[in-house]
Amino acid sequence: KIGIIATVCVAILAIVLVLILKPKTGAKSKEEAAKEFIKAWANYDAETMIKYSMPKQLKAGAEKFVKTGDFTYWYGSASNLEEAYQIAYFGRRYNSSNKVQVRNLEVSIDEKLTPEEIKEFTDYVSRNFNTNLDVKEMYELRVDLEYLDTSYYNDWDDDYTYLYVYKLKNRWYVFPEEVLD
């Protein structure tokens, strides 16, 4: 009898640990979301880019969009979301063995979006991806960085990019404009 109770307790503990340690999407802060998204881009890692830009509420609609929506007009069809990220961010002929090194990532707030602008964003998501996101905060961030792409030259170059990030519940996500806009 004690063996059965111990086995049940171990099974319950294992389930609880899996739920607690289950990888989450998004990031704890807007800065982390932006930095991790850029690092994933530099490593040609579409899967990690999706992790930092795709809450589960948006994923099904986004999968459909890249197969049938405006994405197909600009890029042609993609068989799934990961392929769409590869096409949009790396190009159709990307070589995942080429890595771009990045360093000195600095994130700053360029603009905090107004409630009206956030409503425009959530209306766009609702219309195009058949889901409602309860977004309370949204920012345009500027990410300054240095990068080295040895496929072209061997010098570090300064650059910057802008990313939109939004907060959904307690997680931050980058809006993947190249794929969903």
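Because the structure is predicted, anything quoted here is derived from the model rather than measured.

Visitor: When you look at a negative patch on the surface in this model, what are you seeing that I'm missing?
Guide: A cluster of acidic side chains, namely D70, E177, E178 and D181, defines a negative patch on the protein surface. One can find E177 in helix 8 (residues 177-180). Residue classification places E177 among the partly exposed positions, given a relative accessible area of 31%.

Visitor: Whenever I open this one, helix 4 (residues 56-68) confuses me. Can you help?
Guide: Three- or four-residue spacings in an α-helix give side chains the same orientation, since the helix completes a turn every 3.6 residues. The first and last C-alpha atoms of helix 4 sit 19 Å apart over 13 residues, in line with the 18 Å expected at 1.5 Å per residue. For helix 4, the complete set of buried residues consists of L58, G61, A62, F65 and V66. Those residues of helix 4 that are buried lie in contact with helix 5 (70-75), helix 6 (81-90), helix 7 (115-129), strand 3 (157-168) and helix 8.

Visitor: What am I meant to see in the environment of S29 here?
Guide: One can find S29 in the loop between helix 1 (2-21) and helix 2 (30-42). A C-alpha to C-alpha distance of 7.1 Å links S29 and R171, two positions 142 residues apart in sequence.

Visitor: Explain the pattern of salt bridges here, please?
Guide: When their charged atoms lie close together, side chains carrying opposite charge are able to pair. Under the criterion given, the structure shown has 6 salt bridges. A salt bridge links K39 to E36; its shortest N-O distance comes to 3.5 Å. Of the two residues, K39 and E36 both sit in helix 2, 3 residues apart, roughly one turn of that helix. Under the relative-accessibility criterion, K39 is labelled partly exposed at 35%. Here R103 ties to E146 by a salt bridge, and the two come within 2.8 Å at their closest N and O atoms. Residue R103 is found in strand 1 (residues 101-112), and its partner E146 is found in strand 2 (residues 135-148); the two are separated by 43 residues along the sequence. Relative accessible area serves as the criterion here: at 35%, R103 is assigned to the partly exposed category.

Visitor: How should I be thinking about the packing of aromatic side chains in this particular structure?
Guide: By the definition in use, this model includes 12 aromatic pairs. Both rings, one in Y73 and one in W74, keep their centres 4.9 Å apart while their planes meet at 85°; by these two values the pair is edge-to-face. Assigned by exposure class, Y73 and W74 land together as exposed. Ring centres of Y160 and Y162 lie 5.7 Å apart, and the angle between their planes is 85°; this geometry places the pair in the edge-to-face category. By way of ring pairs, the aromatic residues F65, F121, Y124, F129, Y166, Y173 and F175 are connected into one cluster. Over the face of the ring belonging to Y139 we find K30, whose NZ or CZ atom lies 4.7 Å from the ring centre. Of note, R103 hangs over the ring of W156, and the distance from its end group to the ring centre comes to 3.9 Å.

Visitor: Help me out: how do you make sense of the sheet that holds strand 1 in this one?
Guide: By definition, the strands of a sheet pair up through backbone hydrogen bonds, in either a parallel or an antiparallel sense. A sheet is described by the order of its strands in space; here 4 strands give the open sequence 1-2-3-4, paired in antiparallel fashion. Unpaired on one side and paired on the other, strand 1 and strand 4 (171-174) mark the two borders of the sheet. Sheet twist, expressed as the mean angle between neighbouring strand axes with direction ignored, is 35°. Across 9 bridges, the pairing between strand 1 and strand 2 is antiparallel. Considered in strand 2, the bridge of I109 is made with L141.

Definitions and limits used
- Residues numbered from 1 in each chain as written.
- Predicted model: local features only at pLDDT ≥ 70, side-chain atom pairs only at ≥ 80, totals over all residues.
- Heavy atoms only, no water.
- Patch = residues over 30% accessible without salt bridge, like charges linked within 9 Å, V, L, I, M, F, W, Y side chains within 5 Å.
- Areas by Shrake-Rupley, 256 points an atom, 1.4 Å probe, with all protein chains shown as cover.
- Salt bridge = Lys/Arg side-chain N within 4 Å of Asp/Glu carboxyl O.
- Lys, Arg positive; Asp, Glu negative; His and termini not counted.
- Charge placed at Lys NZ, Arg CZ, Asp CG, Glu CD.
- Helix = DSSP H or I, 4+ residues; strand = E, 2+ residues; numbered from the N terminus.
- Buried < 20%, exposed > 50% of the residue type's maximum accessible area, 1.4 Å probe, protein only.
- Expected span 1.5 Å × (residues − 1).
- Contact = heavy atoms within 4.5 Å.
- Phe/Tyr/Trp six-rings, centres within 6.5 Å; stacked < 30°, edge-to-face > 60°.
- Lys NZ or Arg CZ within 6 Å of the ring centre and 35° of its normal.
- Pairing = 2+ DSSP bridges.
- Axes fitted to C-alpha atoms, helices over the stretch in contact; angles between N-to-C directions.

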